[in-house]
Amino acid sequence: MTLFAKSGRAALGLAAAAMLAMPVAAKPPLGSDSAACVNGETAIQVNVNGLKDRTGRLKLELWPANDEDFLKDDKVLRAEGKFFRRVWADMPASGPVTLCIKAPAPGRYALLFTHDRDGKNKFNFWRDGAGFVSNQKLGRSKPKLAQATVTVGNGVTTVNITAQYMRGLSGFGPVA
């Protein structure tokens, strides 16, 4: 074997080792607001855990953080000149689930995550999942504003939400 062949193999081995040591680029968040998180704009990046399955679509909704407006119909909010934002994303087949939603400015907001498992764009209490930033068990009552409130700073605010699904008579809770 020639010196060139030995050094060529060594260089190839070093190149392969360097490629394995390089960090894998993270996938951008899902949803139409993905660029806001990638570019460091005022936004919320949501890491979703505990999904029941990989069916349907995912949705984030952002409301003003006050009892009067929380969970109010978006058409009514807009007619009143108030902020509301919704982002949909297709469910990825595998891997971590991260979504992004823009906020109009730093401040307090109410954030809701839903897993529309049947893809009908209407929340099915018995089938679909939901989650809030507090990750408290939702139970059977209407969620409270405090469970959904997130403070958004300059740039991207990251939160973790555990999806919850109907768990019999005790109401909504995590799958595991």
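Residues numbered from 1 in each chain as written. Predicted model: local features only at pLDDT ≥ 70, side-chain atom pairs only at ≥ 80, totals over all residues. Heavy atoms only, no water.

### Looking at the overall build of the protein chain
Line of reasoning, step 1. The number of helices and strands found in the protein chain is four helices and 10 strands.
Line of reasoning, step 2. For the protein chain, the succession of helices and strands along the chain, N to C, is α-α-β-β-α-β-β-β-β-α-β-β-β-β.
Line of reasoning, step 3. Per-residue burial over the protein chain gives 38% buried out of 176 residues.
Line of reasoning, step 4. When contacts within the protein chain are restricted to residue pairs at least 6 apart in sequence, long-range pairs at least 24 apart make up 70% of them. (Helix = DSSP H or I, 4+ residues; strand = E, 2+ residues; numbered from the N terminus. Buried < 20%, exposed > 50% of the residue type's maximum accessible area, 1.4 Å probe, protein only. Contact = heavy atoms within 4.5 Å.)

### Observations regarding the environment of Ala36
Line of reasoning, step 1. Looking at where Ala36 falls in the secondary structure, it is placed in helix 2 (residues 34-38).
Line of reasoning, step 2. In this structure, the C-alpha to C-alpha distance between Ala36 and Ala103, residues 67 residues apart in sequence, is 9.3 Å.
Line of reasoning, step 3. With near-sequence residues (within four places) excluded, Ala36 lies in contact with Glu41, Ala43, Cys100, Lys102 and Val156.

### Considerations on the packing of aromatic side chains
Line of reasoning, step 1. Applying the stated criterion across every chain, the model contains seven aromatic pairs.
Line of reasoning, step 2. A ring pair is formed by Trp63 and Phe70, whose centres lie 5.9 Å apart and whose planes are at 85°; its orientation type is edge-to-face. Comparing Trp63 with Phe70, the two get one shared label, buried.
Line of reasoning, step 3. Summarising the aromatic geometry, the rings of Phe125 and Trp126 are spaced 5.6 Å apart at their centres and angled 85° between planes, so their arrangement reads as edge-to-face.
Line of reasoning, step 4. The class for Phe125 is partly exposed, based on a relative accessible area of 37%.
Line of reasoning, step 5. We classify Trp126 as exposed; its relative accessible area is 65%.
Line of reasoning, step 6. An aromatic cluster is defined as three or more aromatic residues linked by ring pairs; in this entry it consists of Trp63, Phe70, Phe84 and Phe132.
Line of reasoning, step 7. A cation over an aromatic ring shows up here: Arg57 above the ring of Trp88, its NZ or CZ 3.7 Å from the ring centre. (Phe/Tyr/Trp six-rings, centres within 6.5 Å; stacked < 30°, edge-to-face > 60°. Lys NZ or Arg CZ within 6 Å of the ring centre and 35° of its normal.)

### As for the pattern of salt bridges
Line of reasoning, step 1. In this structure the tally under the stated criterion is 12 salt bridges.
Line of reasoning, step 2. With its nearest N and O atoms 3.3 Å apart, the salt bridge here joins Glu68 to Lys82. Of this pair, Glu68 sits in the loop between strand 2 (57-64) and helix 3 (74-79) while Lys82 sits in the loop between helix 3 and strand 3 (85-90), placing them 14 residues apart in sequence.
Line of reasoning, step 3. Taking relative accessible area as the criterion, Lys82 reaches 27% and is therefore assigned partly exposed. (Salt bridge = Lys/Arg side-chain N within 4 Å of Asp/Glu carboxyl O.)

### Focus on the environment of Val159
Line of reasoning, step 1. Positionally, Val159 belongs in strand 8 (residues 156-162).
Line of reasoning, step 2. Sequence separation of Val159 and Ile44 is 115 residues, and the distance between their C-alpha atoms is 7.2 Å.
Line of reasoning, step 3. Those residues in contact with Val159, other than ones at most four positions away along the chain, are Ile44, Gln45, Val46, Asn47, Leu111, Val133 and Val150.

### A few points about a positive patch on the surface
Line of reasoning, step 1. A surface patch of positive charge is lined by Lys52, Lys120, Arg127, Lys137 and Arg167.
Line of reasoning, step 2. The topology assignment puts Arg167 in the loop between strand 9 (164-166) and strand 10 (172-174). (Patch = residues over 30% accessible without salt bridge, like charges linked within 9 Å, V, L, I, M, F, W, Y side chains within 5 Å. Areas by Shrake-Rupley, 256 points an atom, 1.4 Å probe, with all protein chains shown as cover. Lys, Arg positive; Asp, Glu negative; His and termini not counted. Charge placed at Lys NZ, Arg CZ, Asp CG, Glu CD.)

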